[in-house]
Structure formats: structure tokens, C-alpha cells
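Results of the structural survey
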Amino acid sequence: MPMSKRLSNRFRAIVRITRICADICGADVFDPKFRINIRTILVLVIIQLSIVFMAYTVYVGFNVDGDWKVILQVLSVGGCTLVQGYCKLVNCLREKNNFRFLINELNSLYEKYEKNDADCRLFLYKGIQQLTFIMKLSAFVVILMVVGMGLVTLVLSVVFNTHVLIVQCLIPGFDPTTGKGFLWINIIQIWFIAVGGFGFYAGDMAFFTPLSQISTFRGILKCKFCDLNEILADEPGNKEKSFNGVKDILIFHQRYMVFLEVTRDTYYWVILVQIGTYSIGIICTMFSIHLGTWPGGYVYMIYCFVMMLVYCHMGSLVEVTNEGVVSSCYNDVNWYELSVSERRMLHTMLRMAQNTAGLTIGSVLPLSMNTGVKITKTIYSIAMMLLNFAD
């Protein structure tokens, strides 16, 4: 029992970290008593102010200074971070009931099956390991973005005496050509980026937490098939017990289907916005780096590329899990020992498993590593075309 409690407590501890970051941004929708508060309004104000500042930057750069390249940086940072931040925040507020359903389902899953045999606990432990790894990777990439972009500006200013803003975002009333104006703009920018980092991390972990446990569902389902086989082998004449075992498997599979469907509906627009803005951000950042207008773009491009691949990996995880469920229906149960009615029940489950949809990017492309590779190739082709145009 201490081992099982430790597993459930570890899972809650991971979710608690996500909730702390979300609460800082005023969006801890996992709390049943959550209400829009001053922090929520403050984050919305920061996003709106950032949009105004970006629009002002485009106006000054393009209409006043005649520099069209400023549009690229605005698209790479503003088009990515601001659109993502706004989408994630609105999605959290709009789908708060779905978020609570998903996290309650996972808490219930751990509380129930941590009391079972060692095989179930092993799959739960693997789910925690996977979530922990993704959590640490996401935190590292976000910290790298926030600290790295700030350090690039600091090093260029102190060591090389070159005044380059963290991002190309001007603020009305502050002149970046003066020492005081340059300092205040960078202070405001790093504060905005830090707040955005908390929001990005919380939003990403709200997405990764339920999806990282998809394979756990498949593992527990595999254990249920093993339990059914033991019943068929040890008590071949106990039709009621075998029937209840098949019924329990079908109920659990339905639970998995509902969990996946709610996840798919909750993150439909988030996935589309994430992949689209990451792609645009990488293209524009590569072009800005080539033109020598944004030294900190290297750090930002790494962030976009890694997070895009992590999202694609989660889509592949769902695909692999769905295929694993189908494989379990074929290989993990002794069909020949089942009654006719039990076979029909499992055959219905098999047909449903074979038609289970995975995650998609706007109902156009499947979210998977294969799609991530195709998007990367497309990004490279577009970037090369733009670089040839610039040359």
C-alpha cells in the first residue's frame, strides 16, 4: 500500500506544479472553485498590450523607417507567442469542465488501479515516468527561451557594446536609441516574456498530462485481458465470472474512448494554433537570423522546433496506443475459450478500436512524428526560397 500511495501522490505532485504555474497566470481551471480573477485580467491586459506594441513596432519600422524586415520578427514572436498565449488562455477558460473531467479521470485511474497487482502498478509507474520526462523537458526549453534570449541581449550590450532588443517590440514613449529607453524596454520585455513562459508551460502541461497517460490506459487494458485469461484457465466452467470479466474490459475500453474523445475536442484548436504558429515562427526566425537582424533568434528557433516535435510526439503516442489496443484484442485474449456471446462483445470492441481516431491538425493532417517530418521539410523549402529571394 505505501508503494501505491506514493504513485498517486507523485502524480498529484506533478499536476500540482502545473496548477501553480496556471494559478500564477490566473487560469487554474482544475480548481472547481475557479473564477476569473485579477491575475486572469492582468494576463489578458499583457497580451493586449503586447499586440498594441507589436502593431506600433510594425508601423514605426515599415512606415517611418522603411524597414520591411521588422515584419518578420513581429510575425515570428508576436504571431507565435501572442496567438498561442491568447488561444491557450481562452481555451482553458472555455473548456474548464473538460480539463476537470480529464484530471479527475486520471486521479480516479491511479487511485483504483494502484491497489491492483504489480503489473498495473508498473504501467502506472511508467506513466509517471513519461509525464515527468515531458515535464522536465518542457520546463528546460521554456527556461532556455526566457533566460537565453535575455542573456544574448545582455552579452551583446555589456561585452560588445551593441544595443539589440530582446525582441523587436517598441514601446511608445521609450526611445531604444537612448540608454535609459533601451534599458526600460528590455526590462518590460523580459517581464512579459517571463509571464508568458509561465503561461506557455502551464498550457503545454495541461495538454501533455492527459495525453502522456494514454499508454497507461492501454497497459491496464492489457492487464485486464491477462486477468480474463486466468479466469478462463483456472475456472473454465464459471461462465458468470468470465462474462463479468469481458464486460469489465468493454466498460474500461469505453472509458478510454470517452477520455480520448474529450481530449481531442478540448485541444482541437490548440493543436492547430500551436503547429501553425511554430511553423511560421521558425520560418520567420530563420530569415531574420540570415539577415542579421535578430541575434537572439537562435534561442527562440530552438524553442519552437523542440516544442513542435514534442506536440507531434504526443500525437504519435496516441496512434501507437490505438494500435496497441487493437493488437491486445487480437493477441492478449484466448478467443477460443470464450462463449459465443463473449466473442461478439469483444468483436464489437475490436471494431470500435480499429476505427478510433487519433489527434489531428485542423482535421486535415494527423498529429504525428511523420507529419512533423513533413512539416520540417516544408519549413526548410520555404525558408530556402525566402533566403534565395533575399540574396
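Bear in mind that the values here come from a model prediction, so they are computed numbers and not experimental data. (Residues numbered from 1 in each chain as written. Predicted model: local features only at pLDDT ≥ 70, side-chain atom pairs only at ≥ 80, totals over all residues. Heavy atoms only, no water.)

**With respect to helix α9 (residues 268-291)**
The first and last C-alpha atoms of α9 sit 35 Å apart over 24 residues, in line with the 34 Å expected at 1.5 Å per residue. Looking at the residues trailing α9, positive phi occurs at Gly292, about 75°. (Helix = DSSP H or I, 4+ residues; strand = E, 2+ residues; numbered from the N terminus. Expected span 1.5 Å × (residues − 1).)

**Details of the side chain of Asp332**
Note on placement: Asp332 falls in the loop between α10 (297-331) and α11 (340-354). Note on Asp332: relative accessible area 15%, which makes it buried. At 2.8 Å, the side chain of Asp332 and the side chain of Ser328 are in polar contact. When sequence neighbours within four positions are dropped, the list of residues in contact with Asp332 reads Arg218, Lys222, Phe225, Cys226, Asn229 and Ser327. (Buried < 20%, exposed > 50% of the residue type's maximum accessible area, 1.4 Å probe, protein only. Polar contact = N/O pair within 3.5 Å; in protein donor to acceptor, adjacent residues only side chain to side chain. Contact = heavy atoms within 4.5 Å.)

**Regarding the packing of aromatic side chains**
Under the counting rule described, the total for this entry stands at 16 aromatic pairs. Look at Phe207 and Tyr267: their rings are 4.9 Å apart centre to centre, the planes differ by 85°, and that puts the pair in the edge-to-face class. Highlighted residues: Phe207 in helix α6 (residues 179-212) and Tyr267 in the loop between α8 (239-266) and α9, separated in sequence by 60 residues. Given a relative accessible area of 0%, Phe207 falls into the buried group. Members of the aromatic cluster, connected to one another through ring pairs, are Phe30, Phe99, Phe200, Phe207, Phe208, Tyr267, Tyr278, Tyr300, Tyr303 and Tyr311. (Phe/Tyr/Trp six-rings, centres within 6.5 Å; stacked < 30°, edge-to-face > 60°.)

**What to know about the environment of Thr356**
Among the structural elements, Thr356 can be located in the loop between α11 and β1 (360-361). Since its relative accessible area comes to 16%, Thr356 is described here as buried. Separated by 200 residues in sequence, Thr356 and Leu156 have C-alpha atoms that sit 52 Å apart. Setting aside its immediate chain neighbours within four residues, Thr356 contacts Met257, Leu260 and Asn322. Polar contacts involving the side chain of Thr356 include one to the main-chain carbonyl oxygen of Met352, which spans 2.9 Å.

**With respect to the nonpolar core**
Residues Phe207, Phe208, Ile275 and Tyr303 are the most contacted members of the largest nonpolar core, which totals 113 residues. Counting residues per element, this core draws most heavily on α10, at 15 residues. (Core = buried A, V, L, I, M, F, W, Y, C linked by side-chain atoms within 4.5 Å.)

**Concerning the environment of Val364**
By secondary structure assignment, the location of Val364 is in the loop between β1 and β2 (365-366). Between the C-alpha atom of Val364 and that of Trp269, which follows or precedes it by 95 residues, the distance is 12 Å.

**So, the UniProt feature "transmembrane region" (unreviewed entry) in the protein chain**
The feature "transmembrane region" (unreviewed entry), as given by UniProt, occupies residues 41-62, 68-87, 137-161, 181-202, 267-291 and 297-318 in the numbering adopted here. With 96% helix and 0% strand, residues 267-291 has end C-alpha atoms that lie 36 Å from one another. Split by type, residues 297-318 is 100% helix and 0% strand. Its first and last C-alpha atoms lie 32 Å apart. (UniProt positions renumbered as here; feature names shortened; annotations may be inferred.)

**Here we look at empty space enclosed by the protein**
Evaluated as defined, the whole model comprises 3 cavities of 30 Å³ or more. Put simply, the largest cavity is a space of about 560 Å³. In terms of lining, the largest cavity is formed by 35 residues, of which the most central are Thr81, Phe192, Val195, Gly196 and Phe200. For the lining of the largest cavity, the secondary-structure elements that each account for two or more residues are α2 (38-64), α3 (70-94), α5 (118-158) and α6. Looking at the lining of the largest cavity, the element that brings in the most residues is α6, giving 11 residues. (1 Å grid on protein atoms, 1.4 Å probe; cavity = no way out; pocket = protein on both sides within 12 Å on 5 of 7 lines; lining within 4 Å. Points joined across faces, edges and corners; volume = space filled by probe spheres on them.)

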